[in-house]
Amino acid sequence: MKKDTKNLIELLKYYKKYKFLSIGVIILSLAYAGISLLSPIYEGKMLGFFEDFDKTNIIKIALFLLILRIIIEIVTNLWSRVVLKLNGKVNFDLKRDMLESLTNFEVKNFDNTNSGIFISRLNKDTTELSELFDYITDDLSGIILNVSFIVYVLYLNAYLGIFLILNIILVYMLTSKKLFYYKRVKKDYKEKDEKNVGLYTDIIRGIREIKNLNLKEIVLKETNAKQLETIKAEIKTTHTRRTWNRWIAVFQHILDFIFVLLSIHFIMNNTLQVSSFLIIFLYKNKVLNLINYISEIREKLADGKVSSSRVFDIITYKSFVKENFGTLKVNNIKGNIEFKNVEFQYNSNKLFKNLNFKIEPNKMTAIVGKSGEGKSTILKLISKGYSVDSGKVLIDNYNINDLSEKTIKDNISIVSQSPYIFNLSIKDNIKLANPTATD
């Protein structure tokens, strides 16, 4: 729990960067809550004037309410503009930092992890996190508005005010129970969904191999099985939320009936005016939205904790290994390569133990062996795609761990037997490596 909260605190740094926009969102949310509170108060006054049918005061208040509601719409529109601008900036920063971290991962992170996990986090979780501030400030303004109205109800009739507070507490306890179960099924769905996204990615990228090797039936069978699991998990998530909402609604209907009985009692005893009852009754259900606002904040924070742990897991390299390079810059690499007592383990499989050999420059060297014996791994160790567990890889007698990233990448390249072509023109693919290339 502390770890999840720490991730949310990490998110605040992104909002602090745009403090004027963030403050603007808060101020506009508070302004909305303050102005909106005047609406039920003056509606109550207007209903009171209807008892004597004071036409002049009714028109005055109706005009005031018209102006008030126009102001509310203007404030809401301004809030929407500012919050959307803020969301966009935070979303961009999160995606940028995630992409930068992904490009700094050791290659084995991608070998051992389904690409769908990275795509899902980069696409969905960053967007959810960037919208978190939006939802919370919106709900907080609703909470402030409704708490203020409860104070107003207490002023009109203390007993009805206390009943509303008890109503909120009881329904809140039920929604807390709902949230407990919802969080559990939502997490399960997210995990299944990101694995599914990975399968989709693999199918699209490997469609040629699937067709050439006649693997359509096998791949579709496996993918459909995983897809069905994900859909079932999504249905369970929605069903859990909706079922609890229905039971909470039934409980609320019972409390509404008790509220009407209490109001009749107070009106008959002349401790509550009919106009006051009408305004309380009209706004009672809006006040009960206080529970929804609190529940939504808790729900969004719960989702935010899940998303932030998944995003900052990548940005801060918590579960993944970052590439480490030295600071030594060497301009003219000749190409003397030497492995000295190299040991390397891939997952639980020990590929090399005390591996020693030399490769001289300007000579063709062939490495042969069965599949899985480490031919590609040797190339990845030479290019610093992988790091040795012990021993040394020397380039021109320099330890590869001491060399800067620029020195290694500018001097060592690997041409894969299955080169990756980006979804661009051939010209644009070539210009990725050489932006100044002419036609």
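Residues numbered from 1 in each chain as written. Predicted model: local features only at pLDDT ≥ 70, side-chain atom pairs only at ≥ 80, totals over all residues. Heavy atoms only, no water.

**Student:** How should I be thinking about the overall build of the protein in this particular structure?
**Tutor:** What the protein contains, in helices and strands, is 14 helices and four strands. Each of the 439 residues in the protein was classed as buried or not, and the buried ones make up 39%. Put simply, of all contacts in the protein between residues at least 6 apart along the chain, 78% involve residues at least 24 apart. When the accessible surface of the protein is totalled, it reaches about 27,100 Å², and 60% of it is carbon and sulfur. Charge-centre separation for the protein: the mean point of 63 positive side chains lies 2 Å from the mean point of 45 negative side chains. (Helix = DSSP H or I, 4+ residues; strand = E, 2+ residues; numbered from the N terminus. Buried < 20%, exposed > 50% of the residue type's maximum accessible area, 1.4 Å probe, protein only. Contact = heavy atoms within 4.5 Å. Areas by Shrake-Rupley, 256 points an atom, 1.4 Å probe, with all protein chains shown as cover. Lys, Arg positive; Asp, Glu negative; His and termini not counted. Charge placed at Lys NZ, Arg CZ, Asp CG, Glu CD.)

**Student:** What am I meant to see in the layout of surface pockets here?
**Tutor:** Here the idea is plain: a probe the size of a water molecule rolls over the atoms and shows the empty space left. Space inside the largest pocket adds up to approximately 2,000 Å³. Considering the residues around the largest pocket, the lining is formed by 45 residues, among which Val107, Lys380, Ile414, Val415 and Ser416 are closest to the centre. Residue assignment for the lining of the largest pocket shows that the elements contributing at least two residues are helix H4 (107-112), helix H5 (115-130), helix H7 (158-205), helix H12 (375-382) and helix H13 (405-411). Each residue belonging to the lining of the largest pocket can be placed in one class, and the counts come to 21 nonpolar, 15 polar and nine charged. (1 Å grid on protein atoms, 1.4 Å probe; cavity = no way out; pocket = protein on both sides within 12 Å on 5 of 7 lines; lining within 4 Å. Points joined across faces, edges and corners; volume = space filled by probe spheres on them. Nonpolar A, V, L, I, M, F, W, Y, C, P; charged D, E, K, R; others polar.)

**Student:** Can you help me understand the nonpolar core in this one?
**Tutor:** What tends to happen in soluble globular proteins is that the nonpolar side chains get buried as a cluster. Leu11, Leu86 and Leu94 are the most contacted members of the largest nonpolar core, which has 29 residues in total. A per-element tally of this core places helix H3 (residues 55-103) first, with eight residues. Setting aside residues up to four positions removed in sequence, Leu11 forms contacts with Leu94, Leu129, Leu132 and Phe312. Listed in part, the 27 residues of the second largest apolar core include Leu164, Ile248, Ile279 and Ile280. (Core = buried A, V, L, I, M, F, W, Y, C linked by side-chain atoms within 4.5 Å.)

**Student:** When you look at the environment of Arg310 in this model, what are you seeing that I'm missing?
**Tutor:** With respect to the secondary-structure elements, Arg310 resides in helix H11 (residues 289-315). In this structure Arg310 comes out as buried when scored by relative accessible area, which is 8%. For the pair formed by Arg310 and Phe118, sequence separation is 192 residues and the distance between their alpha carbons is 9.2 Å. If we skip the residues at most four places from it in the chain, Arg310 touches Ser120, Arg121, Asp125, Lys190 and Glu194.

**Student:** I tried to follow H11 on my own but got confused; where do I start?
**Tutor:** One turn of the α-helix equals 3.6 residues, which is why residues spaced by three or four share an orientation. Across its 27 residues, H11 extends 37 Å between first and last C-alpha, which sits within 8% of the 39 Å expected from 1.5 Å per residue. Count one or two residues on from H11 and you reach Tyr317, which has phi positive near 55 degrees. (Expected span 1.5 Å × (residues − 1).)

**Student:** Where do I start with the sheet that holds strand S4 (residues 398-399) in this structure?
**Tutor:** Strands belonging to one sheet form pairs held by backbone hydrogen bonds; the direction of such a pair is parallel or antiparallel. In space, the four strands of this open sheet follow the order S2-S1-S3-S4, with antiparallel pairing throughout. This sheet does not close on itself; its edge strands, each paired only once, are strand S2 (349-359) and S4. Pairing between strand S3 (residues 390-395) and S4: two bridges, direction antiparallel. Opposite Leu394, over in S4, you have Asn399 as the bridge partner. (Pairing = 2+ DSSP bridges.)

**Student:** How should empty space enclosed by the protein be read in this particular structure?
**Tutor:** The tally for this structure, following the rule as stated, stands at two cavities of 30 Å³ or more. The volume enclosed by the largest cavity comes to roughly 50 Å³. Considering every element that reaches the lining of the largest cavity, the biggest residue donor is S3, with three residues. By volume, the second largest cavity amounts to about 30 Å³. Around the second largest cavity sit Tyr182, Lys183, Lys186, Lys187, Ala302, Asp303 and Val306, which together line it. Each residue belonging to the lining of the second largest cavity can be placed in one class, and the counts come to three nonpolar, no polar and four charged.

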